[in-house]
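A look at the structure
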Amino acid sequence: MSLLWNYLERGMSMPGNGTWGQRLALWCGRRLALRHKHITLPKSTKVHPDAKLNPRSGSMHFGEHCTIAAGAIVQGNVHMGDHCSIQAYSIVIGSGKRENPTGQIRIGNYVRIAPHVMMIATNHVFADPDRPIHGQGMKDEPITIEDDVWVGGRVTITAGVTIGRGCVIGAGAVVTRDVPPYSIAAGVPARVIGSRKPACLEKGGS
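Residues numbered from 1 in each chain as written. Predicted model: local features only at pLDDT ≥ 70, side-chain atom pairs only at ≥ 80, totals over all residues. Heavy atoms only, no water.

Concerning the sheet that holds strand 10 (residues 105-107)
The strands making up a sheet are joined through hydrogen bonds of the backbone, oriented either antiparallel or parallel. Overall, parallel pairing links the six strands, which are arranged 1-4-7-10-15-18 in an open sheet. Of all strands in the sheet, those bounded by a partner on one side alone are strand 1 (39-40) and strand 18 (162-163). Bridging between strand 1 and strand 4 (residues 60-61) involves two bridges; their strand directions are parallel. Its bridge partner lying in strand 4, Ile 39 is registered against Met 60. (Pairing = 2+ DSSP bridges. Helix = DSSP H or I, 4+ residues; strand = E, 2+ residues; numbered from the N terminus.)

Some words on the packing of aromatic side chains
Enumeration according to the criterion identifies zero aromatic pairs in this entry. Across from the ring centre of Tyr 182, 4.4 Å away, lies the NZ or CZ of Lys 197, which sits over that ring. (Phe/Tyr/Trp six-rings, centres within 6.5 Å; stacked < 30°, edge-to-face > 60°. Lys NZ or Arg CZ within 6 Å of the ring centre and 35° of its normal.)

Things to note about the pairing of strand 22 (residues 191-195)
Strand direction decides the pairing type here: strand 21 (residues 183-186) and strand 22, joined by four bridges, are antiparallel. Note that in strand 22 the partner of Ala 186 across the bridge is Arg 191. The loop that links strand 21 with its antiparallel partner strand 22 comprises four residues; one of these, Gly 187, has a positive phi angle of about 105°.

Points about helix 2 (residues 20-34)
Under the 1.5 Å per step criterion, the end-to-end length of helix 2 is 21 Å for 15 residues, consistent within 8% with the ideal 21 Å. Restricting attention to buried positions, one finds in helix 2 the residues Gly 21, Gln 22, Ala 25, Leu 26, Cys 28, Gly 29, Arg 30 and Ala 33. (Expected span 1.5 Å × (residues − 1). Buried < 20%, exposed > 50% of the residue type's maximum accessible area, 1.4 Å probe, protein only.)

Some details on the pattern of salt bridges
Tallied over the full model, the rule gives two salt bridges. Close ionic contact of Arg 165 with Asp 147 constitutes a salt bridge, the shortest N to O distance being 3.1 Å. Taken together, the residues Arg 165 in the loop between strand 18 and strand 19 (168-169) and Asp 147 in the loop between strand 15 (143-145) and strand 16 (150-151) connect sequence positions 18 residues apart. Overall, Asp 147 belongs to the partly exposed group, its relative accessible area being 24%. When the shortest N-O distance is used, the salt bridge between Asp 148 and Arg 196 registers 3.6 Å. Pair noted here: Asp 148 is in the loop between strand 15 and strand 16 and Arg 196 is in the loop between strand 22 and helix 3 (198-202), with a separation of 48 residues, a long-range link. (Salt bridge = Lys/Arg side-chain N within 4 Å of Asp/Glu carboxyl O.)

Right, dumping it as structure tokens:
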């Protein structure tokens with residue numbers, strides 16, 4: 001099927017509606033997403049048919065005018081605001097149940113997520129070295145991306161992290177702790193290397 005979408009969309013990774021082929025692919029992407037219950041998907045949001053959307057045992061909400069690229073995997077408890085994009089091959093997986101979204105991934109408005117980003121809002125428990133890790137259960141922790149954030153390519157955001165409003169996360173960063181609003185963060189593990197509003201950094205992100 002990928003060859004068919006490639007032909008219909010003229011090789012574009014982000015879904016568009018400029019040609020009949022793109023419009024057909026958009027229709028198919030929407031139908032594939034909405035075959036699952038507990039997905040909210042407004043008509044203004046574009047989903048590529050090669051994206052993999054599934055709420056699992058949670059629920060998914062997409063705001064207006066969002067775009068989900070080919071190869072993106074968005075699953076579990078995920079709540080996305082308006083005017084967001086998830087680029088090719090990014091993985092966004094929330095955890096928990098619909099009635100108890102302990103590992104929800106909440107993405108604000110105007111958030112840009114570059115290719116190959118990974119966010120998974122749960123971790124294996126491995127406290128007991130005498131038991132196999134797979135039998136020790138999981139620990140869910142939410143991930144929050146506030147409004148107007150740019151997450152660069154190949155960034156990993158670990159469970160329990162909040163990225164404040166207006167942040168820029170540099171390519172390849174591994175974010176293991178909260179990032180204050182308007183920060184520029186990079187590195188492994190990520191650390192704040194600057195601010196889009198220096199006064200905010202001096203006040204500790206307030």
